[in-house]
Amino acid sequence: MTTATAAPKPWIAMVGGFLGAGKTTLILAAAKEVSRRGIRSAVILNDQGNVLVDTGYATQSGMQAGEVTGGCFCCKLSDLLRVMGELREFQPDVIFAEPVGSCTDISATILHPLLEYRDEFRLAPFSVLVDRERARSLLADGADPDLSFLFHKQLEEADLICWAKSDLYPDCPQISARHVRQVSARSGQGVAAWLDEIFSGSLSVGSEILDIDYEQYARAEAALAWLNLQVTIEPSVSSSPAVMLGPLLDHLDREFTANQITIVHLKAIIDSPTGFVKAAMCANGQEPAVEGALDASPASQHELLLNLRAVGSAQQVREIVERELHRIDGNLTGLHVDCFHPAAPKPERRMARREATATPQTF
Ligand SMILES: Nc1nc2c(ncn2[C@@H]2O[C@H](COP(=O)(O)OP(=O)(O)OP(=O)(O)O)[C@@H](O)[C@H]2O)c(=O)[nH]1
Ligand SMILES: [Mg+2]
């Protein structure tokens, strides 16, 4: 790993949680909060494919971003270490890292291996974000067994559970976990206190190592269809980014619902010379959450990135997305679509024994 700078050891803060839990949004809110304190931060995004909406969003938001693509952090640990080293060139005090939202066993395959690099990095406790509505559906009887398995495993290995989106859900259900708090990236509630806690040295890192059946884990991840898409759109009539994106998401939602494909997280970012717009939905029929330049002027060219995670057939998902894209009145160029069911996770390393886990140093 690169040790080119004489800067103090940066913190590595892993922020996990299920697809759509609010990881990227919280990291961006946390970056603003630490910046107010004069602390520099960077982020590492991660995905099974390439062409990441999250990286586009983080970069548009002014954050120094690196990414590990083509597999989760655990299967790409050497890539994660390389990107952590590369980001040190920018002398961040904190590097937030967001594992793939369907990924688990992070304590054994990422945190404990990273603890061996404590001469170069300080590791913060592992925060796992939980969306209350997702928890309600995945903890209920009759929940999708694959998604429920992943969700339970993620909760089990958290050093700290954060009930996310507290602006929407002020109450959080009782769960048996040692450390729990509430945050809202949207209102800012709890973000500063969360940061204070993870950098206080008061919580252990990698306190739980999972007992996990990798065959079941592989089956659960493979139940998801994964689509990452990039395209340049030149509409016949100049249009604002919001006008380009809104109808596309509406049509996709309608078609997925008609074909019994369950949206787990559909997110898109459209970048135009007049501004960018990001939109996301975490369920069929949900009003998309939209951010960015909603009032941007019409433009003649737009770069679209779209990432979809859904329960259904990858082949069918690809057909629907390509069909809806081609309904747009205009020219499409540079279309690149990756669509697959995630391969079985094969971690580069797995440490089944617990290391010493205290984090004694603070800022
Ligand atoms: N109201 C509200 N919405 C939020 C908050 N945080 C995130 N969201 C919304 O939740 C959706 C998912 O947020 P992301 O930050 O993309 O979630 P993620 O966990 O990074 O998702 P993946 O990377 O796909 O796993 C987006 O529509 C966000 O705008 C919050 O604090 N309050
Ligand atoms: Mg994200």
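For clarity, every value in this text was computed on a predicted model and none was experimentally measured.

Enquirer: I'd love a proper account of helix α3 (residues 77-87), names of residues and values included.
Expert: Of the residues making up α3, those classed as buried are Leu80, Leu81, Val83, Met84 and Leu87. The buried residues of α3 all sit within an arc of 165 degrees when viewed along its axis, so they share a single face. Buried residues along α3 sit in contact with β1 (11-17), β2 (41-46), β3 (64-68) and β4 (94-97).

Enquirer: Provide a residue-level description of the sheet that holds strand β9 (residues 224-235), including the pertinent values.
Expert: The strands that make up a sheet pair up through hydrogen bonds in the backbone, lying either parallel or antiparallel. Taken together, the six strands give an open sheet; going across it, the order is β12-β11-β10-β13-β9-β14, and neighbouring strands pair in antiparallel fashion. Of all the strands in the sheet, just β12 (289-292) and β14 (330-340) have a single pairing partner and so form its edges. The average undirected angle you get between the axes of adjacent strands in this sheet is 10 degrees. Here strand β11 (residues 275-281) runs beside β12; their pairing, made up of four bridges, is antiparallel. Note on β12: the bridge partner recorded for Ala279 is Val290. Its contacts with the sheet place helix α2 (residues 53-60) against β10 (262-272), β11 and β13 (302-311), and it is angled at close to 45 degrees to β10.

Enquirer: Break down the pairing of strand β7 (residues 160-163) for me, citing the residues and quoting the values.
Expert: In β7, alternate side chains face the same way, and those of Leu160 and Cys162 on one face and Ile161 and Trp163 on the other are all buried. Sheet topology note: the strand β6 (residues 127-130)/β7 ladder contains four bridges and is parallel. When the sheet's bridge partners are listed, Leu129 is paired in β7 with Cys162. Looking at chain direction, β7 and strand β8 (residues 180-182) are connected through three bridges and run parallel. The residue of β8 that forms the bridge with Trp163 is Gln182.

Definitions and cut-offs
Residues numbered from 1 in each chain as written. Chains lettered and ligands numbered in written order. Predicted model: local features only at pLDDT ≥ 70, side-chain atom pairs only at ≥ 80, totals over all residues. Buried ≥ 20, exposed ≤ 12 C-beta atoms within 10 Å, placed from the backbone. Helix = DSSP H or I, 4+ residues; strand = E, 2+ residues; numbered from the N terminus. Arc of directions from axis to C-beta. Contact = placed C-beta atoms within 7 Å. Pairing = 2+ DSSP bridges. Axes fitted to C-alpha atoms, helices over the stretch in contact; angles between N-to-C directions.

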